[in-house]
Amino acid sequence: MNSLLQRDHQKIKSVLSKTQQLAGEYFDQQHTLAPGRFVENIPMTTLPEKGIGAEATLDLFQKKYAPLITNSAGPRYFGFVTGGSTPASVAGDWLVSTYDQNNCGSNDSIAPQLERQTLHFLREIFGLDENHFGSFVTGATQSNLVGLSLARQWAGEQLGVNISDDGTQGLAQVKIVSATPHSSIFKALSILGVGRKSLTKLPSLPDRESIDLQALENFLIANANYPVIVVANAGTVNTVDFDDLAAIATLKSKYNFWLHVDAAFGGFAALSENFKHLMNGINDADSVCVDAHKWLNVPYDAAMQFTRHKELQLKVFQNSAAYLTDPAQSPDYFHYTPENSRRWRSLPAWFSLMAYGKEGHREIVERNCACAALLGERIKASYSYKLLAPVRMNIVCFTINQNNISGDAIRALLNAVRDDGRAFFTPTVYQGIPAIRAAFSNWMTQKEDVEIAWTALTEIADKMNFHFVTN
Ligand SMILES: *Cc1c(COP(=O)(O)O)cnc(C)c1O
């Protein structure tokens, strides 16, 4: 054995405790480190012939690169929809790498068993019954991809084609509709050979991102002779609007369509009494996407996919080789997931759910929503910013209170806020207006963080030469 490898093996506890110290320091600093930063491209160096061992590598990393880490797991990173990692989830995640299980096998490891248990907990949260099979994938993009691959298989069967065996012939006849789809839906349609342009955007309700049900029903009537895939949204990224899932589910008794629900972060609304009604109807979906690395606050990368059509999932993902087991045996994830080999991705989620329970995760969701509401109040009362939509849940969509504000002006402001180091936001466009999104989905965020961020936003806007509209 290589001598450095041998030495590290002997000193493994010391290597791990030094790593633990660095990780613990990061947790201590999360309240003070700048949430966002701009990192220059680094010059490439050549791979050394001789290594330096784990501890010297840790030192090198700590000195050279750890100071450049973006504190996106901290409490004042409001970009995209970004969760952090709860203490228990980090503990679980460390063990994932340590035990290094290949969580696709069947009864030869506890890993797939605990994955089933974790999915069972999550089904309970979301209101999905036992008919929903599920698995862990890397993110909501992958979850949407898996869900839509099942929809594609179903659509093929409606047309008498087995797409998993015979390919995508006849797909031109498949109709896909949605009102406010996430960009990952288009990516999935590209990967699946269905094509980005095959999606028809239906109108949403006035001043909403929620689908106009009459427009949907008209579409279903007009396309009764085609297989239709409806992509419903449970939490849009700009204004956290929900399609009326219960009403769409009711349409299923009259029309033949596949219902895919993208509940990437909105699914966790089901934890709160205030919002759980928005998830009514979810159980009738054919496929469901929910992220774990957003509002469940587990480390990247983790999401769940659920479907009522396990048999279709087997058709799409079945992996036949002489040495593999019978797919009838449960839970043989390699016959159901895009990967053949994958990490024990469910364990951090199991740790966090066990550690904090429904109550703990509900508190995160409700505190995040209260923080979003507070920022909404500050904006309403200010002269420098204005809200573009009501604060429905955990995202605030707003802009600078100036006529004809440009995307460049928004980006300049947000770069200045990032470089100031008190908060981090990402830009968007809402109903044609360049805008700012503040997404609250981190377990650490408190109302004080909102005040710090709001002070930074107003101070910086006041210093820049905007022409605020006087009301
Ligand atoms: C974030 C998000 C996605 C994509 O999720 P990733 O985890 O980044 O792959 C899809 N849909 C919605 C609604 C989202 O918020």
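Residues numbered from 1 in each chain as written. Predicted model: local features only at pLDDT ≥ 70, side-chain atom pairs only at ≥ 80, totals over all residues. Heavy atoms only, no water.

1. What to know about the overall build of the protein chain
Now for step 1: A tally of helices and strands in the protein chain yields 14 helices and 11 strands.
Now for step 2: Rg of the C-alpha trace for the protein chain: 24 Å, near the compact-globule value of 23 Å for 471 residues, within the 12% margin.
Now for step 3: If one aligns the C-alpha atoms of the protein chain with their principal axes, the spans along those axes are about 75 × 60 × 45 Å.
Now for step 4: A buried classification covers 52% of the 471 residues belonging to the protein chain.
Now for step 5: For the protein chain, restricting intrachain contacts to residue pairs at least 6 apart in sequence, the fraction spanning at least 24 positions comes to 73%.
Now for step 6: Accessible surface for the protein chain amounts to roughly 21500 Å². Of this, 52% is attributable to carbon and sulfur atoms.
Now for step 7: Mean positive and mean negative side-chain charge positions of the protein chain (41 and 46 charges, respectively) differ by 3 Å. (Helix = DSSP H or I, 4+ residues; strand = E, 2+ residues; numbered from the N terminus. Rg over C-alpha atoms; globule rule 2.2 N^0.38 Å. Buried < 20%, exposed > 50% of the residue type's maximum accessible area, 1.4 Å probe, protein only. Contact = heavy atoms within 4.5 Å. Areas by Shrake-Rupley, 256 points an atom, 1.4 Å probe, with all protein chains shown as cover. Lys, Arg positive; Asp, Glu negative; His and termini not counted. Charge placed at Lys NZ, Arg CZ, Asp CG, Glu CD.)

2. Details of the packing of aromatic side chains
Now for step 1: According to the stated counting rule, one finds 16 aromatic pairs in the structure shown.
Now for step 2: When the centroid spacing of 5.6 Å and the interplanar angle of 75 degrees are considered together, the rings of tryptophan 350 and phenylalanine 351 count as edge-to-face.
Now for step 3: On the basis of relative accessible area, tryptophan 350 is assigned to the partly exposed category, the value being 22%.
Now for step 4: For phenylalanine 351, a relative accessible area of 22% gives the class partly exposed.
Now for step 5: Three or more aromatic residues joined by ring pairs form one cluster here, namely Phe78, Tyr385, Phe398, Phe425, Phe440 and Trp454.
Now for step 6: Directly above the aromatic system of tyrosine 226 lies the positively charged group of lysine 175, at a separation of 4.3 Å from the ring centroid.
Now for step 7: The cationic tip of arginine 342 hangs over the ring face of tyrosine 333; the distance from NZ or CZ to the ring centre is 4.8 Å. (Phe/Tyr/Trp six-rings, centres within 6.5 Å; stacked < 30°, edge-to-face > 60°. Lys NZ or Arg CZ within 6 Å of the ring centre and 35° of its normal.)

3. Brief notes about unusual backbone geometry
With the exception of glycine, the majority of residues adopt a negative phi angle, and the majority of peptide bonds are in the trans configuration.
Now for step 1: In this model, tyrosine 300 is joined to aspartate 301 through a cis peptide bond whose omega is 0 degrees.
Now for step 2: Considering the arrangement of structural elements, one finds aspartate 301 in the loop between strand E6 (287–291) and strand E7 (303–307).
Now for step 3: The phi dihedral of phenylalanine 80 falls on the positive side, at around 45 degrees, and the residue is not glycine.
Now for step 4: Tracing the backbone through its elements, the reader meets phenylalanine 80 in the loop between helix H3 (53–64) and helix H4 (87–99).
Now for step 5: Owing to a relative accessible area of 51%, phenylalanine 80 belongs among the exposed residues under this scheme.
Now for step 6: Located in the positive-phi region is asparagine 297, a residue other than glycine, with phi close to 60 degrees.

4. Things to note about helix H12 (residues 347–380)
Now for step 1: Helix length check: H12 (34 residues) gives 42 Å between terminal C-alpha atoms against 50 Å at 1.5 Å per residue, more than 12% under.
Now for step 2: The largest bend in H12 amounts to roughly 95 degrees and is located at glycine 357. (Expected span 1.5 Å × (residues − 1). Bend = angle between axes of the 7 residues up to and from the residue.)

5. Thoughts on the domain arrangement of the protein chain
Now for step 1: If you check the domain split of the protein chain, you get domain 1 (3–71) and domain 2 (90–351).
Now for step 2: For domain 1 versus domain 2, the separation of C-alpha centres amounts to 36 Å. (Domains from an automatic or database assignment.)

6. A few points about the side chain of serine 184
Now for step 1: Here serine 184 is to be found in helix H8 (residues 183–191).
Now for step 2: In terms of polar contacts, serine 184 uses its side chain to reach the side chain of histidine 182, at 2.8 Å.
Now for step 3: In contact with serine 184, not counting residues within four places along its chain, are Thr141 and Asn144. (Polar contact = N/O pair within 3.5 Å; in protein donor to acceptor, adjacent residues only side chain to side chain.)

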